[in-house]
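What follows is each chain in one-letter form.
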Amino acid sequence: MSSVASISGIRLWLIALTVLTGLGAFGVFVNSVESPSVATPATAGLESVLGATDDTGFARVSGPRDFIFPADHGPHPNFRTEWWYLTGNVESLDGSRFGYQMTIFRSATAPPDSPVAALESDLATRQYYMAHVALTDVRGGRYFPHEKFSRGAANIAGAWATPFRVWVENWRLEGQPSDACEGCMVMRTDVKTDDFTFSFGLKPVKPLTLQGDRGYSKKTVDGKNASHYFSMTRLATTGFVRINDDRYEVQGTSWFDREWSTSSLGASQVGWDWFAFQLEDGTDLMLYRMRGKDGTTDPASAGTLVDEDGQYQAISADEFTLEPLTRWKSRDTAASYPLVWRIRVPGENLVLNVKPVVDAQEHTGLFRYWEGAVRVEGTRDDQPVTGVGYVELTGYGAP
Amino acid sequence: MLLRAGLRELVRRRTQALLAFCGIAVGAAVVVAVDTASDSVRRGFEISSDTVNGSATHHISGRGGVVDVAVYSRLRAAGLPAVPLVTGLVTLNGDHTYRIIGIDALVDTSIRSHLGRTVDIGAFGDGGELTVTMTPGAASAAGIKVGDSINIDAAGRSTIARLVATFDPGEDVYEQGLATSVIADIALAQHVLGMKGRLSRIDLVANADDQFLRVVERLLPPGVQLLNAQSQSDAQRDMVRSLDTNLAALGLLALLIGVFLIYNTMTFSVVRRRQTIGILRAIGATRWNIASRILLEAALLGAAASATGIVLGLILAKTLTALTAQTVNDLYFETEVTAISVDGLNLAKAWILGVLATVFAAMLPAIEATRTEPRAALSRADLETRAGRWSRWALGVGVVAMFLSVLLLVVPGNLLLPAFAGLFFLIVGLALMIPLLVPSLVRLALPLIKKIGGFDALMGARYIIRSTSRTGVAVAALAVAVSATMGVAIMISSFRLSLIDWLETRLRADVYVTADSGTSLDSSFVDRVKSIEGVRNVGFGNWTSLASDAGPITVFAIATTEDGFASYVRADESLKDRFTQFGNDNVVYISEPFAHRRQLQEGDRLALPTDAGELRFLVAGVYKDYRSDRGIVLMSRATWLRQFNDPAINAVGVVLDDPSQSTRIKDEIAQLPSDSAAFEVIANHEIREASIKIFDRTFAVTNVLRLLAVIVAGIGIVSALMALQFERSRDFAVLRAVGLTPGQVAKIASVETLCMGIASGLFAVPLGILTAWILVHVVNRRSFGWTMDFHVDPVLILQGIALAVGAALAAGILPTLRVVRQTPSASLRNE
């Protein structure tokens, strides 16, 4: 059960950790001083940084706890890393379809009692934020990734619980408590880039899914590495998308993940494949596969199935298969990603064929990975079923 | 053969050649040193500003050279790619003045990528430690190793941070630009510099027509401006241009003196050898043989001496660069000049200049030698006859030169080049007339000489009159050399006295309180000062700077009494009306340098960025102020508060009932509560002393150059007179042979040199005063816009004369001793 949580945890944790050690390439810079032949890479693989860091002084996740809302929607600054992760598929009345990603990561560079906190400066902070946004224009076959980095100071970036607000510059996610369920929120996100603008209202249609053991998500079997983790797997989404002068009123569904932790992981995998689908029969499915260096699937791979009412169950590594069918080669990074998949969950009598809405959905900022909107069609109990979703693929680049 | 003969001649006349050699070498050295120093400072400025500016095209800055963090937040919240910077000077480990560059590596990825690459949030604060980084050179210059803890002092506080790593900025230029810099996270820099809530500026990269610049402008609060980075840096560069020109002029003056000396030396070399030349012509050498021999000799001497001069110059350049950089730091802005930038082209230029000057100076003597008929070369009378013609010709040229000089000097405008050219022509013109005047001057003095020295002395004096071709030119050369040093000295002393005078008038209060940069006092503090027993009166104001495209404008807003205001108004004006206008209308008074830089005069309008947008203030007057050569805009506090919503006070002047109580009252003020402001209490005399110290430091460069000119002049005088005396040894031998005692001969020799020394000293006086007058009233005004009182210190005049006479006497000693020691027959045989 817990491993369901960990996949999302791992992928995001890695991104956040990469912010810490990879950005501006301090590590690379030290290397370059010692051996000048090491050049600063323009981009880094999302999976490339897995170094152990010193967690002394940070809060640790040691077991299940009761979530307290709305406080737990806000930041947990004494833990090292945290993220707010929103992806979705939307469609206009005239049939224009879009996928979007709006994700904000928080990373603390130092424990709470560090001298940085005592500096007389309004820019002093232990908290740093990274935001990744992207819009996929299905009809136009276009994909626009963008990223922002900022210190969590001077109101340039930050996170508040009340009122709920997480932002990096003018990319924002805001919300207020909803009576629909325990801990539920109605939210709104606004993003403006040089390529596009979007603004969505987000309303939960299912209760929160507390991942792992009541939201306690173990990353390793011994429980030394774990996170607090919950999700809103289905959010009714309405709003607009604008590309240049074209404005589209849209609606659709979104998926929202919340996770925070301090623990580090040892690296033995080369990357992972992550899938999250919202099927038309009301079922939400999440699956992931950790890929070992030898190409094998790690036993830590797992999934979760959430039914129409929000009841969920875990799927273990031996309860599903992922079969890559067609590969696509990125022109930007020369990485080759498997983009068409056949997924089988025999216990649910479920077979799904996964296709990206646009092939080129590779996020090519400081970190490169493929994260994109997909369509699924298949059968459940031999009845046709379709759906939408998001897939994340990492570790396919040249080493 | 002729060349070898020439070289032999140079070797034989060792002392002569050595002195000429020294003269040329020092001249070339000065040119090289001045060139290198101003190049290094300019380059240092460019590199350090490039290093900090990076690729920024626009700056956002506000009053006082700072901008509120909230402005930055606002721009970022609008999603605009603004990049913050916090920079200032700090002291490392109590010993090394470094510039701290505080950046936000997360957003500073393109503007200062040479820094941004090196640092990240992981370096600055991973584990929460306070860390900094430097180039390896910067670290070792401060004696810091990776891992060391550093005490960083600034703004009255001390912070300890660790050097976490060193980094290689990639390019030599940046390596140099960062040679005394320490890089830190922007938050640490804010803390260290006491700049919480403030940034030094915000940088942008944009094309001039970018839409987003207009968006930026709309988001800026009053008083905060969007400025073009290039024009800011141009404005700073312009400020040092005057300094550069002045230095270059001093270098050329040194060369001019050098040329006179070379001419002198070569002339004597030719004159001394006229017998040899006569013999050579008699045995068939052509005119061209003779001329080329002399010119080649000069070229060789010039080449060797200039090469030596270049080496000397480079050594000298180090001192000169440090002094110039100090001046730039004192007067203009913080520069980072740690490396001397040696420009091969400059060196080549100096070498060629040295050789050409030597050859040019030898040209007249060479031509003169070729005109000599074989037989006539042996006769001195012929030489003197032609010298007479020469001197009439020289008089004509001199008159033309002086006419040109006057024309150049009265050309209106602020160009420095005509001023220096005018000065040059004036000196040349007067110098050309001196040989003509020498006989008359000595003739005038003959009765006196006879009375004091008797018949022997008269013989010496008569010799000077008879041999004008040699003595006249020597006296002129010496007079020019002496007058140049005298002129510069008088200029500096006039300036210094004017400054002291001005400090006396301007510093009316007994005790001054100044708030540390960035902090502010308030009116309750002023009230507390007023209530101290023994305080008669308190005036206060606020120094700040307004950003403008032509560089920052220093504004001083004062709350003062009619009395205190009096020194800004001319005596012929109604103080009462002026004071009322000062308080009630939107008027400003501007200092002379400001008027000069902006080409403004009374009655003009000056646009300043107020809270309500740009407002055109009436320039009600121009006043004398030596505080800043960028200039100052003075306005009343009432006007300031009306137009700029800023109640800050950072300067308070306290007048006491009894000035002798200043120490006690200083202590009392120092203990006053001041909320958050850090302030310093300074007595009147401390300001005065500090001002004069900075003044003296500023003119240290000039003094070094003056010293060099004195050395060149000294060498020249000794060289010229020695040549003359050696030339005379045959005459002296004859005098000995006809029965004069060694003492009598020595007396004749001494009178000769003494008379020439005195003559050149006397000619130097009017020449020196004229030079000083032009420096004070033309060059200085055009460089900085300052007016100053012209003050001729008699001590400096006497020093000049003493230099001439002393050098003349020194030059006479060696030949005289030789005359005295040698037997007449030996001397005669030698010839």
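Residues numbered from 1 in each chain as written. Chains lettered and ligands numbered in written order. Predicted model: local features only at pLDDT ≥ 70, side-chain atom pairs only at ≥ 80, totals over all residues. Heavy atoms only, no water.

Can you walk me through the overall build of chain A in this structure?
In terms of regular secondary structure, chain A is built from two helices and 24 strands. Residues classed as buried in chain A amount to 60% of the 399 residues present. Accessible surface, chain A: about 15300 Å² in total, of which carbon and sulfur atoms supply 49%. (Helix = DSSP H or I, 4+ residues; strand = E, 2+ residues; numbered from the N terminus. Buried < 20%, exposed > 50% of the residue type's maximum accessible area, 1.4 Å probe, protein only. Areas by Shrake-Rupley, 256 points an atom, 1.4 Å probe, with all protein chains shown as cover.)

Which parts of the structure should I look at to understand the confidence of the model for chain B?
For residues with low pLDDT, the predicted coordinates do not support detailed interpretation. On average, residues of chain B score 80 in pLDDT, and 84% of them reach the 70 mark or higher. For this predicted complex, the interface confidence score (ipTM) comes to 0.84, while the overall pTM stands at 0.71. (pLDDT = per-residue confidence, 0-100.)

Can you help me understand the pattern of salt bridges in this one?
Pairs can form between side chains of opposite charge whenever their charged atoms are close. A complete count under the given rule lists 27 salt bridges over all chains for this structure. A salt bridge links A:Lys206 to A:Asp284, with the shortest nitrogen-to-oxygen separation between them at 2.6 Å. You can see A:Lys206 sitting in the loop between strand 10 (196-204) and strand 11 (209-210) and its partner A:Asp284 sitting in strand 16 (residues 284-292), a full 78 residues away along the chain. On the accessibility criterion, A:Lys206 (4% relative accessible area) is buried. In this structure A:Asp284 comes out as buried when scored by relative accessible area, which is 0%. Salt-bridge contacts for B:Asp657 lead to B:Arg536; the nearest nitrogen and oxygen are separated by 3.4 Å. Within this pair, whereas B:Asp657 is found in the loop between strand 19 (651-656) and helix 21 (662-670), its partner B:Arg536 is found in strand 13 (residues 535-546), the two being separated by 121 residues in sequence. (Salt bridge = Lys/Arg side-chain N within 4 Å of Asp/Glu carboxyl O.)

Can you help me understand the packing of aromatic side chains in this one?
Centre-to-centre distance and the angle between the planes together describe a pair of aromatic rings. Per the counting criterion, the structure on display carries 28 aromatic pairs over all chains. Relative to B:Tyr626, the ring of B:Trp502 lies with its centre 5.8 Å away and its plane at 65°, an arrangement referred to as edge-to-face. Of this pair, B:Trp502 sits in helix 15 (residues 468-506) while B:Tyr626 sits in the loop between strand 17 (613-623) and strand 18 (632-636), and the two are 124 residues apart along the sequence. With a centroid separation of 5.4 Å and an interplanar angle of 90°, the aromatic rings of B:Phe565 and B:Tyr589 are classed as edge-to-face. Of the two residues, B:Phe565 sits in helix 17 (residues 562-565) while B:Tyr589 sits in strand 15 (residues 587-591), which places them 24 residues apart along the sequence. The pair formed by B:Phe565 and B:Tyr589 is uniform in burial state, with each residue classed as buried. Three or more aromatic residues link up through ring pairs in this structure, and these residues are B:Phe565, B:Tyr568, B:Phe579, B:Phe582, B:Tyr589 and B:Tyr623. The cationic tip of A:Arg247 hangs over the ring face of A:Phe240; the distance from NZ or CZ to the ring centre is 3.9 Å. One cation-aromatic arrangement involves B:Arg506 over B:Tyr568; the distance from NZ or CZ to the ring centre is 4.2 Å. (Phe/Tyr/Trp six-rings, centres within 6.5 Å; stacked < 30°, edge-to-face > 60°. Lys NZ or Arg CZ within 6 Å of the ring centre and 35° of its normal.)

What am I meant to see in the side chain of B:Ser545 here?
All names here are of chain B. Relative to the elements of secondary structure, Ser 545 occurs in strand 13. Relative accessible area serves as the criterion here: at 15%, Ser 545 is assigned to the buried category. If we skip the residues at most four places from it in the chain, Ser 545 touches Gly 62, Arg 63, Gly 64, Gly 65, Pro 552, Ile 553 and Thr 554. (Contact = heavy atoms within 4.5 Å.)

Is there a simple way to explain the state of the cysteines in this structure?
Working definition: the covalent bond between the sulfur atoms of two cysteines is a disulfide. Residue and element names in this part refer to chain A. Counted under the stated rule, the structure contains one disulfide over all chains. Two residues, Cys 181 and Cys 184, share a disulfide whose sulfurs are 1.4 Å apart. Here Cys 181 and Cys 184 have matching classes, each one buried. (Disulfide = S-S within 2.5 Å.)

What should I look at first to understand unusual backbone geometry in this one?
Residues apart from glycine generally show negative phi values, whereas peptide bonds are mostly found in trans. Residue and element names in this part refer to chain A. With an omega of 10°, the peptide bond running from Phe 69 to Pro 70 counts as cis. Tracing the sequence through the fold places Pro 70 in the loop between strand 1 (44-45) and strand 2 (81-92). In this structure, Pro 163 follows Thr 162 across a cis peptide bond, with omega equal to -10°. Positive phi is not limited to glycine here, since Ala 154 has a value of about 55°. Among the secondary structure elements, Ala 154 is positioned in the loop between strand 5 (142-151) and strand 6 (157-160). In the Ramachandran plot, Asp 382 falls in the positive-phi region, its phi being about 65° despite a non-glycine side chain. Here Asp 382 shows up in the loop between strand 23 (367-380) and strand 24 (383-393). On the basis of relative accessibility, which here comes to 61%, the residue Asp 382 falls in the exposed class.

Just to check I follow, could you spell out the environment of A:Val61 for this structure?
All names here are of chain A. By the secondary structure assignment, Val 61 is in the loop between strand 1 and strand 2. Once the C-alpha coordinates of Val 61 and Glu 120 are considered, the two residues, 59 residues apart in sequence, prove to be 31 Å apart. Sequence-distant contacts of Val 61, defined by excluding residues within four places in its chain, comprise Phe 79, Tyr 216, Ala 226, Ser 227, His 228, Trp 260 and Ser 261.

Before we go on, may I ask you to explain the pairing of strand 15 of chain B in this structure?
Successive side chains on a regular strand alternate, one facing one side of the sheet and the next facing the other. Residues and elements named next belong to chain B. Of all five residues making up strand 15, five are buried, and the element is well covered by its neighbours. Burial along strand 15 is two-sided: Val 587, Tyr 589 and Ser 591 facing one way and Val 588 and Ile 590 facing the other are all buried. Examined bridge by bridge, strand 15 and strand 17 share five bridges and lie parallel to one another. Within strand 17, the residue paired with Val 588 across the bridge is Val 619. The sheet contact formed by strand 15 and strand 18 spans two bridges and is antiparallel. Across the sheet, Ile 590 pairs through a bridge with Val 633, a residue of strand 18. (Pairing = 2+ DSSP bridges.)

Can you help me understand the pairing of strand 3 (residues 97-108) of chain A in this one?
Residue and element names in this part refer to chain A. The element strand 3 is extensively covered by neighbouring structure, given that 11 of its 12 residues are classed as buried. With 11 bridges connecting them, strand 2 and strand 3 associate as antiparallel partners. When the sheet's bridge partners are listed, Thr 87 is paired in strand 3 with Gln 101. Counting the residues between successive antiparallel strands, the hairpin from strand 2 to strand 3 contains four residues, one of them, Gly 95, with a positive phi of roughly 90°. As paired strands, strand 3 and strand 4 (residues 127-137) are joined by 11 bridges and run antiparallel to one another. Bridging across to strand 4, Gly 99 finds its partner in Thr 136.

Any chance you could explain the sheet that holds strand 16 (residues 605-610) of chain B here in plain terms?
Strand-to-strand pairing in sheets goes through backbone hydrogen bonds, with the strands running parallel or antiparallel. Residue and element names in this part refer to chain B. Ordered in space as 16-17-15-18-14-13-19-12-20, the nine strands form an open sheet in which the pairing is mixed. Edge positions in the sheet fall to strand 16 and strand 20 (679-683), since each of these pairs with one other strand and no more. Strand-to-strand twist of the sheet, defined as the mean angle between neighbouring strand axes without regard to direction, takes the value 30°. Relative to strand 17, strand 16 runs antiparallel, the two being bridged by six bridges. Considered in strand 17, the bridge of Pro 609 is made with Glu 614. (Axes fitted to C-alpha atoms, helices over the stretch in contact; angles between N-to-C directions.)

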